[in-house]
Amino acid sequence: MKIMMQLAIIFFICLLGEAIAAVLPFPFPASVISMLLVFGLLLWGPLKVYHIRKQTDFLLDNMAFFFIPPAVSIVENLHYMEGKLLILIFICFISTFTTFAITAWTVKAMIKLDEKRKERKKRHASA
């Protein structure tokens, strides 16, 4: 029953993301809204990691399967990319570099934040 409840939580959050995306006056991906909802719920406490851990671990372990349909679609529509290979390679290079840079900056910021938090705890413990 625990698995069904975790799945229900995930599906409910996805449904809520779809509903929010439907009422927005501009196009915005429902999946991104759903991820932000999960992040917010985990951050503020009503949703705990153990509420969804088993299902999210399953989805992460099998994530490669979710890339098969887009890959097949790209191969089927390869003719649209004829003559645009250099542009595509350039976009891939820039987006990869940007992703690496932002990830590195985020990790660095989180490490500093964690160090500050530990230092505050030490000060409070010694006081």
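Just so we're clear, the structure is a prediction, and the values are computed from it rather than from any experiment. (Residues numbered from 1 in each chain as written. Predicted model: local features only at pLDDT ≥ 70, side-chain atom pairs only at ≥ 80, totals over all residues. Heavy atoms only, no water.)

Engineer: Could you give an account of the layout of surface pockets, naming the residues involved and the relevant values?
Structural biologist: Looking at the largest pocket, its volume works out to about 450 Å³. Forming the walls of the largest pocket are 13 residues, and the residues nearest its centre are Ile10, Cys14, Met35, Thr56 and Leu59. When residues of the lining of the largest pocket are traced back to their parent elements, those giving at least two are helix 1 (2–23), helix 2 (30–44) and helix 3 (49–61). Split by residue class, the lining of the largest pocket holds ten nonpolar, three polar and no charged. (1 Å grid on protein atoms, 1.4 Å probe; cavity = no way out; pocket = protein on both sides within 12 Å on 5 of 7 lines; lining within 4 Å. Points joined across faces, edges and corners; volume = space filled by probe spheres on them. Helix = DSSP H or I, 4+ residues; strand = E, 2+ residues; numbered from the N terminus. Nonpolar A, V, L, I, M, F, W, Y, C, P; charged D, E, K, R; others polar.)

Engineer: Describe the side chain of Gln55, listing the residues and the values that go with them.
Structural biologist: Checked against the element boundaries, Gln55 lands in helix 3. Using a relative accessible area of 10% as the deciding quantity, one classes Gln55 as buried. Setting aside residues no more than four positions away along its own chain, Gln55 makes contact with Ile3, Gln6, Leu7 and Ile10. (Buried < 20%, exposed > 50% of the residue type's maximum accessible area, 1.4 Å probe, protein only. Contact = heavy atoms within 4.5 Å.)

Engineer: Tell me about the packing of helix 1 against helix 3, and name the residues and values.
Structural biologist: Their axes nearest at 8 Å, the elements helix 1 and helix 3 cross at an angle of 95°. Classified by the interaxial angle, the pair formed by helix 1 and helix 3 is roughly perpendicular. Between helix 1, through Ile3, Gln6, Leu7, Ile9 and Ile10, and helix 3, the contact on the second element is made entirely by Tyr50, His51, Ile52, Arg53, Lys54, Gln55 and Thr56. When its residues are assigned to classes, the contact of helix 1 with helix 3 shows six nonpolar, four polar and two charged. (Axes fitted to C-alpha atoms, helices over the stretch in contact; angles between N-to-C directions. Parallel < 35°, antiparallel > 145°, perpendicular 65-115°, else oblique.)

Engineer: Let's hear about the domain arrangement of the chain: which residues, and what values?
Structural biologist: Entries for the chain in the domain assignment read domain 1 (1–74) and domain 2 (83–127). For domain 1 and domain 2, the distance between their C-alpha centroids amounts to 23 Å. (Domains from an automatic or database assignment.)

Engineer: Quick one: what's the story with the environment of Ile3, residue by residue and with numbers?
Structural biologist: In this structure, Ile3 sits in helix 1. Spatially, the C-alpha atom of Ile3 lies 40 Å from that of His124, the residues being 121 residues apart in sequence. Sequence-distant contacts of Ile3, defined by excluding residues within four places in its chain, comprise Lys54 and Gln55.

Engineer: Which residues make up the pattern of salt bridges, and what are the values?
Structural biologist: In this structure the tally under the stated criterion is three salt bridges. Salt-bridge contacts for Arg117 lead to Asp114; the nearest nitrogen and oxygen are separated by 2.5 Å. One end of the pair is Arg117 and the other is Asp114, both in helix 5 (residues 85–126) and three residues apart, which spans about a single turn. Residue Asp114 is classed as partly exposed on the basis of its relative accessible area of 28%. Measuring nitrogen to oxygen at the nearest pair gives 3.4 Å for the salt bridge that ties Glu119 to Arg123. With a gap of four residues between them, Glu119 and Arg123 both fall in helix 5, about one helical turn apart. Residues joined in a network through salt bridges with shared partners are Asp114, Arg117 and Lys118. (Salt bridge = Lys/Arg side-chain N within 4 Å of Asp/Glu carboxyl O.)

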